[in-house]
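Here is how the chains run, residue by residue.
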Amino acid sequence: MEKKEGFYWEQHTEAEKACLDLLDDCKRKSAALARFEQKLNQKTSSRLLDWVDHFQIRDGKQMEEKLAGLGFIRKPDTRHSTLYHPGALLPRIVFTQKSHGPDLGVALRVENIADFLQANGFRAEIEGGPLNPYRQALVDAENKVAFWAVERRGSSGYEPVHLQDAYLRTYLEGVEMWKNRSRTGDDEDLIFKEIFRIADRLVKQMGPDLASHIVCLAERDYWLSRNFAGRLQLGRHDTLGLGWGNHDHHTFRSSRKNFSRLVSLFSRLGFLNRERFYAGAEAGWGAQVMENPSSGLTLFLDVDLAPEEVETDFSRTELKEREQLGTVGLWCALHGDSILHAGMHHLAAQFDFERLISDIAQYGVKYMAPFSNFPYLKQAFSVAERWEVDPGRVEKLVREKAVTSEQGEQFLSQGAVGSHLENIERREGYKGFNRKNVSAIIRETDPRRHLV
């Protein structure tokens, strides 16, 4: 287990079992939910629990006491009695005091409820305005079990929102502003000024949580334009109208000179520093994990590190340029930083690990060997596509002797490894990562290791 800055992620077997028992109870009583789970496994290679946003329980005093004994705590909320587990990645439990209605309910998180209803042949009233922070639809109710679909955009609430019409225009303009920003150019200082200007405007107009949703939504779309495995898997999700409701984390690679600016950007968007990662002086790499609890988004920010920097808080330090480029630095030098031209290095989403590898292979997408293979955590990258490399970038690297002339010629003729779709399976509520094995896969994705 990693233990940094007060973070000590553990397995919470009994807490997960309590959630699985609730889900099993829902499936036994709701034929619609049970049928949907079968389609979900077959068409998307994912597990139902990975899509659960929250459970609802009516008059559940005994259950609340049981969950409290398993580490769940009450979330500050004047309108709902809600429990969550601060040390685990598990659905929240909402308790209602209604005198009538379902005794139990499960809400699945999707990106667009209308798409979900249409794709699955459901009919339901959608509560909440289009593209509003929280929306829901009661898909089915039988045997006192409710089956809900919900949308979230930077919201941790449970009440459908109907904002004024001006909100819709502001939201859509915000998405367009971020997607239409500069990603290339010789003056990176000027580009970052524009990035911060747009981010600050989004935060001012809509708050940091909704702004974080917009930025990650737009960054996913840009990553998709450059990643076939992601487009293929999203197509599989969308046969059921799901979108990326099962995302786990978004990974951005950064050059050393821009790393503090990248951390500052996401801090403005409501992300908080979680654990830092490195695997010792020999690794040449580090990462800052950031999380926005309200929007439910987690980031992995990668950067090259010198041996003497691994023990520092490198997320708050200006990192000077180094002559030697590690895996992350070379990837950025070839393609650009993730927040600039390259786009995200990968999106990680939660799946039935072995099934995804088998199912997606039928479409020509292969996976690298797992870099975590524990009962509670499995991780693997899709084999990277090769991206064409700008000759000017290669010439600069050869001139500065960061790569050899032969390597430069090979990058120009073969391209260089680009982005991935990460297949991740979590069990026992495990919320952390495996530092040692993450460093191993970082080395495996070094563009120099993939030259023929």
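These numbers come from a predicted model, not from an experiment.

Reading guide: rules and limits
Here the residue numbering is sequential within each chain, running from 1 through the sequence in written order. Confidence filtering applies because this is a predicted model: local features only for residues at pLDDT of at least 70, side-chain atom pairs given and counted only at 80 or more, and all residues used for totals across whole chains, interfaces and linings. Hydrogen atoms and water are omitted, and side-chain values are computed over all heavy atoms in the structure. Definition used in this section: a nonpolar core is a set of buried Ala, Val, Leu, Ile, Met, Phe, Trp, Tyr and Cys residues joined via side-chain atoms within 4.5 Å. Residue exposure (1.4 Å probe, protein chains only): buried if accessible area is under 20% of the type maximum, exposed if over 50%, otherwise partly exposed. Contacts: residue pairs with any heavy atoms within 4.5 Å of one another. Each helix corresponds to a stretch of at least 4 residues labelled H or I by DSSP, and each strand to a stretch of at least 2 residues labelled E; elements are numbered beginning at the N terminus. Note on pairing: two strands pair once DSSP finds at least 2 bridges between them. Axes, fitted as lines to C-alpha atoms, cover a helix only where it is in contact. Angles between the N-to-C directions of the axes lie from 0 to 180 degrees. Under this scheme an angle from 65 to 115 degrees is roughly perpendicular, one under 35 degrees roughly parallel, and one over 145 degrees roughly antiparallel; angles in between are oblique.

Q: Any chance you could explain the nonpolar core here in plain terms?
A: The tendency in soluble globular proteins is for nonpolar side chains to be buried as a group. Counting 57 residues, the largest nonpolar core has Trp-178, Leu-202, Trp-244, Phe-266, Leu-301 and Ile-339 as the members making the most contacts within it. Apart from the residues lying within four places of it in its own chain, the contact partners of Ile-339 are Trp-178, Arg-181, Arg-183, Phe-192, Ile-195, Glu-219, Phe-252, Leu-262, Leu-265 and Phe-266. In this structure, Ala-18, Ile-57, Leu-104 and Val-106 belong to the second largest nonpolar core, which totals 38 residues.

Q: So what exactly am I meant to see when it comes to the pairing of strand 17 (residues 377-381) here?
A: Regular strands have side chains that alternate between both faces of the sheet. The buried fraction of strand 17 amounts to 5 of the 5 residues, a majority that puts the element mostly inside the structure. Neither face of strand 17 is open: one carries Leu-377, Gln-379 and Phe-381, the other Lys-378 and Ala-380, and all of them are buried. Taken together, the 2 bridges between strand 16 (residues 372-373) and strand 17 define a ladder with antiparallel strand orientation. Residue Ser-372 lies in a different strand from strand 17, and its bridge partner there is Gln-379. Sheet topology places strand 17 next to strand 20 (residues 420-426); 5 bridges connect them, and they run antiparallel. When the sheet's bridge partners are listed, Lys-378 is paired in strand 20 with Glu-425.

Q: Please clarify how the pairing of strand 5 (residues 81-84) should be interpreted in this entry.
A: When strand 4 (residues 73-75) meets strand 5, the two strands line up antiparallel, connected through 3 bridges. Bridged to Ile-73 within strand 5 is Tyr-84. Summarising the sheet, strand 5 and strand 6 (residues 92-96) pair through 3 bridges and their orientation is antiparallel. Directly across from Leu-83, in strand 6, lies its bridge partner Ile-93.

Q: Which parts of the structure should I look at to understand helix 10 (residues 327-335)?
A: Since there are 3.6 residues in each turn of an α-helix, residues three or four apart along the chain are aligned in direction. Burial of helix 10 is extensive: 9 of the 9 residues sit out of reach of the surface. Following helix 10 by one or two positions, Gly-336 has its phi on the positive side, about 105 degrees.

Q: Just to check I follow, could you spell out the packing of helix 13 (residues 391-399) against helix 14 (residues 405-414) for this structure?
A: Think of two packed helices as two axes; the pair is described by the angle between the axes and how far apart they sit. Between helix 13 and helix 14, whose axes approach to 9 Å, the crossing angle comes to 170 degrees. Viewed along their axes, helix 13 and helix 14 adopt a mutual orientation that is roughly antiparallel. Of the residues in helix 14, those in contact with Pro-391, Val-394 and Val-398 of helix 13 are Ser-405, Gly-408, Phe-411 and Leu-412.

Q: Can you help me understand the environment of Lys-66 in this one?
A: When you line up the elements, Lys-66 lands in helix 3 (residues 61-69). Along the chain, Lys-66 and Ala-15 lie 51 residues apart, while their C-alpha atoms are 9.6 Å from each other.

Q: Can you help me understand the sheet that holds strand 11 (residues 247-253) in this one?
A: Hydrogen bonds between backbone groups are what pair the strands of a sheet, and the pairing can be parallel or antiparallel. Here 8 strands make up an open sheet; going across it, the order is 12-13-14-11-15-20-17-16 and the pairing mixed. Looking along the sheet, the strands with just one partner apiece sit at the ends: strand 12 (272-277) and strand 16.

Q: I tried to follow the sheet that holds strand 5 on my own but got confused; where do I start?
A: The sheet built from 8 strands is open, its strands ordered 4-5-6-3-7-10-9-8 with mixed pairing. Each end of this open sheet is capped by a strand with a single partner; those strands are strand 4 and strand 8 (126-127). Where strand 7 (residues 104-109) and strand 10 (residues 145-152) come together, 6 bridges link them in parallel fashion. Residue Ala-107 lies in a different strand from strand 10, and its bridge partner there is Trp-148. Sheet strands touched by helix 3: strand 3 (52-58), strand 4, strand 5 and strand 6. Its angle to strand 6, the strand with the most contacts, is close to 155 degrees. The strands that helix 4 (residues 113-120) touches are strand 8, strand 9 (134-142) and strand 10; relative to strand 10, the one it contacts most, it runs at about 135 degrees.

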